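For reference, the chains in residue letters:
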Amino acid sequence: MTASAVRCLTVAQALVEFLAHQYTERDGRRHRLINATWGIFGHGNVAGLGQALLESGPDTMPYLQGRNEQAMVHAAVGYARQHNRLAAQAVTTSIGPGATNLVTGAALATVNRLPVLLLPGDIFATRPADPVLQQLEVPYAGDISVNDALRPVSRYFDRVMRPEALIPAALQAMRVLADPAETGAVTLALPQDVQAEAFDWPEEFFADRVWHVRRPGPEAAEVAAAARAVRAARRPLIVAGGGVHHSEAEDALRALVDATGIPVASTQAGKGSLRYDHPADIGGIGHTGTAVADDLARTADLVIGVGTRYSDFTTASATLFADPAVRFLNLNITPFDAHKLGATTVVADARAALDALTAELAGHRVDETYEAEYRTGKTAWERRVDAAYAAGDETARPSQTQVLGALDAVVGDEDVVINAAGSLPGDLHKLWRARSPRQYHLEYGYSCMGYEIPGAIGVRLAAPATPVWALVGDGTYLMMPTEIVTAVQEGININIVLLQNHGYASIGGLSETTGAERFGTAYRYRAADGQYTGDPLPVDLAANAASLGMDVLRAKSVGELREALAAARASDRPTCVYVETETADTVSGAPEAQAWWDVPVAQTATRPAAVKAREDYDRQAAARRRHL
């Protein structure tokens, strides 16, 4: 090999240069695969990747400074989702707690099938001193570090123990990140001495490399079998999952629905697959679904899952699809998900599968009485949404659903609304009127408190002109407000709607229904009996947000809330709208759950609430079934 064919760089410098030349391509459109690197530096990466990012400069690899390692992963996940998984970001940390802080974010990425590249520092490969600072000593194995905690939550993991090992490891990492059936968190653990070691790299390693994001088409036999199943069904129902969005299959879904009249219910990840006012869109399905969607699910004889993994919220813990003869047809790029519930399968890209099925079903349409039935149910549910959003007294403190109604009146089709945990996901799934494919951004695969604010930053970085709203309750806010500082520092104009309801509202409600009597779920002083039932805590979260650099607008009534939301949307600064809603036990105002969710209840207890809850549990659990 001639001297001109190699380049001498450290491992960290080589990795940064390599990442700058990776691209994805789908439908003839090219995207840079790794668009930026988030980082917090310590002794495990400051002289390696830190120095490499400084030396390469922002034109080669933009650097973003975070405040919490978990939050950096959340931001990268929000970025990747907004880009339909065609572009991603990297996250580098030091060894020790910086690396283990990645685990929650990695699990979130992998559960949601969203790409993120994790680059934690690691202990010395050469072991000049053993142990080093923050090293976990394992008496039975010398090659384990805390980074091994990332193995079960990563779709690909490698520890680069020698410079030349980076080449196959980096190529495998890119392959997994760009693969729509494999993607998730990818971890390359980088020993701190190896990061700084020089090596002669072949120039071919730094050539532009394009990873084709495939759209595998369906087999003709599978499409024919799927069409036969649809034609034989009297009451088919489509369940649209996140795969519809990832595949950019919204137009293909609408074409199938317009041709056949089959109604569409959506998971949290799939909401917005049809615009809310499409006559066949019947809203969310499952435990947090609408009455019309869940009623149709109970009587459906064919459930057509498109890009969904059928979580327990979607299936109401295996109690929702109740027709004795119900069968399943799954269109999914991942065989693992396609074969769930004993389904007939079309293993293919969602858009390709929908196009093929539409063509195969030419001339077929559901009975007009079925269409009339679900349209009537949709109209009835919309009246319930109107009632939940309505505010009779503009001077009164708003309920949570009235907050959503006020926001609904302010946003445009292009706005993105982000949430992940608490009582808000249920209200949003039932009530939010999604106006575009990307507007409804719910992280409900992992339902991670603290995702919303960094997730909003990631979305805004992906779509700089798009108004972005992070909806957070006080419990979620207190988990991870750190990236407000990042938004202020970088001038990333996000809006936070901060709802103060004095506790864990969602879990408080769940606690009550399971006989735990809201134990430990309120943010209050201890009372004389030792329980948290005293006065609300004098916590001023608005002042906290302001202290971190945000503009803060306080809204004490529905009328003030409307004004504050409009002002936030018009602002060019990161802005927090703070509103105190009702207390945690009356916060929502949304229609109750339309389907069950299995949370096991104490089988023996002396408190009356738990005894009654167990009776209700046994009654509901009796309806569970296995679809084989």
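Preceding block: the structure.
Described in the following lines is the structure provided in the data block. (Residues numbered from 1 in each chain as written. Predicted model: local features only at pLDDT ≥ 70, side-chain atom pairs only at ≥ 80, totals over all residues. Heavy atoms only, no water.)

## Remarks on the packing of aromatic side chains
Throughout the structure, instances matching the rule amount to twelve aromatic pairs. Look at phenylalanine 18 and phenylalanine 205: their rings are 4.5 Å apart centre to centre, the planes differ by 15°, and that puts the pair in the stacked class. Taken as a pair, phenylalanine 18 in helix H1 (residues 11-19) and phenylalanine 205 in the loop between strand S10 (198-202) and strand S11 (209-212) lie far apart in primary sequence, 187 residues in all. When its relative accessible area of 0% is taken as the criterion, phenylalanine 18 is described as buried. Here phenylalanine 313 and tyrosine 444 contribute two aromatic rings whose centre-to-centre distance is 5.2 Å and whose plane-to-plane angle is 75°, an arrangement assigned as edge-to-face. One end of the pair, phenylalanine 313, is in helix H12 (residues 312-315); the other, tyrosine 444, is in the loop between strand S19 (440-442) and helix H18 (452-462), with 131 residues separating them in the sequence. With a relative accessible area of 12%, phenylalanine 313 lands in the buried category. Feature note: the residues Phe18, Phe199, Trp201, Phe205 and Phe206 constitute an aromatic cluster, connected by ring pairs. (Phe/Tyr/Trp six-rings, centres within 6.5 Å; stacked < 30°, edge-to-face > 60°. Helix = DSSP H or I, 4+ residues; strand = E, 2+ residues; numbered from the N terminus. Buried < 20%, exposed > 50% of the residue type's maximum accessible area, 1.4 Å probe, protein only.)

## Structural notes on the packing of helix H11 (residues 291-299) against helix H15 (residues 368-389)
Helix-helix packing is described using two parameters, namely the angle between the two axes and the distance between the axes. It is the contact of H11 with H15, at a shortest axis distance of 8 Å, that shows an interaxial angle of 145°. Contacts between H11 and H15 involve Ala291, Val292 and Leu296 from the former and Tyr370, Glu373, Tyr374, Gly377, Lys378, Trp381 and Arg384 from the latter. When grouped by side-chain class, the residues that make up the contact of H11 with H15 number six nonpolar, one polar and three charged. (Axes fitted to C-alpha atoms, helices over the stretch in contact; angles between N-to-C directions. Contact = heavy atoms within 4.5 Å. Nonpolar A, V, L, I, M, F, W, Y, C, P; charged D, E, K, R; others polar.)

## Observations regarding a nonpolar patch on the surface
Residues Phe41, Val46 and Tyr63 make up a contiguous nonpolar surface patch of roughly 240 Å² in combined accessible area. Locating phenylalanine 41 in the fold gives a position in the loop between strand S4 (34-39) and helix H2 (46-56). (Patch = residues over 30% accessible without salt bridge, like charges linked within 9 Å, V, L, I, M, F, W, Y side chains within 5 Å. Areas by Shrake-Rupley, 256 points an atom, 1.4 Å probe, with all protein chains shown as cover. Salt bridge = Lys/Arg side-chain N within 4 Å of Asp/Glu carboxyl O.)

## Section: the sheet that holds strand S9 (residues 185-191)
On the basis of which strands lie adjacent, the open sheet formed by six strands has the order S5-S4-S6-S7-S9-S8 and parallel pairing. One side of each edge strand has no neighbouring strand; the edge strands of this open sheet are strand S5 (63-65) and strand S8 (156-159). Direction aside, neighbouring strands of the sheet carry axes that sit 20° apart on average. With three bridges joining them, S4 and S5 adopt parallel strand pairing. Bridged to glycine 39 within S5 is glutamine 65. Running at roughly 160° to S9, helix H6 (residues 166-178) makes contact with S4, strand S7 (116-122), S8 and S9 of the sheet. (Pairing = 2+ DSSP bridges.)

## Focus: the sheet that holds strand S18 (residues 416-419)
Here six strands make up an open sheet; going across it, the order is S19-S18-S20-S21-S23-S22 and the pairing parallel. The open sheet has two edge strands with one neighbour each: S19 and strand S22 (551-555). Strand-to-strand, the axes of this sheet are offset by a mean angle of 20°, without reference to chain direction. Where strand S20 (residues 468-473) lies against strand S21 (residues 495-500), five bridges are found, and the strand directions are parallel. Opposite glycine 473, over in S21, you have leucine 499 as the bridge partner. With respect to the sheet, helix H16 (residues 400-410) is in contact with S18, S20, S21 and strand S23 (575-580), its orientation differing from that of S20 by roughly 175°.

## Some remarks on the side chain of glutamate 25
Along the chain, glutamate 25 turns up in strand S2 (residues 22-26). No salt bridge is formed by the buried glutamate 25; the nearest opposite charge belongs to arginine 30, separated by 7.7 Å. Of the polar contacts made by the side chain of glutamate 25, one reaches the backbone nitrogen of aspartate 27; its length is 3.5 Å. If near-sequence neighbours (up to four positions away) are discounted, glutamate 25 is found in contact with Arg30, Val210, Trp211, His212 and Val213. (Lys, Arg positive; Asp, Glu negative; His and termini not counted. Polar contact = N/O pair within 3.5 Å; in protein donor to acceptor, adjacent residues only side chain to side chain.)

## A few points about unusual backbone geometry
Here aspartate 130 and proline 131 are connected by a cis peptide whose omega angle stands at 10°. Looking at the element boundaries, proline 131 is found in the loop between S7 and S8. Backbone geometry places arginine 127, a non-glycine residue, at a positive phi of 50°. Tracing the sequence through the fold places arginine 127 in the loop between S7 and S8. A relative accessible area of 39% places arginine 127 in the partly exposed class. For serine 317, which is not glycine, the phi torsion reads 50° and is therefore positive. Along the chain, the position of serine 317 falls in the loop between H12 and strand S16 (327-332).

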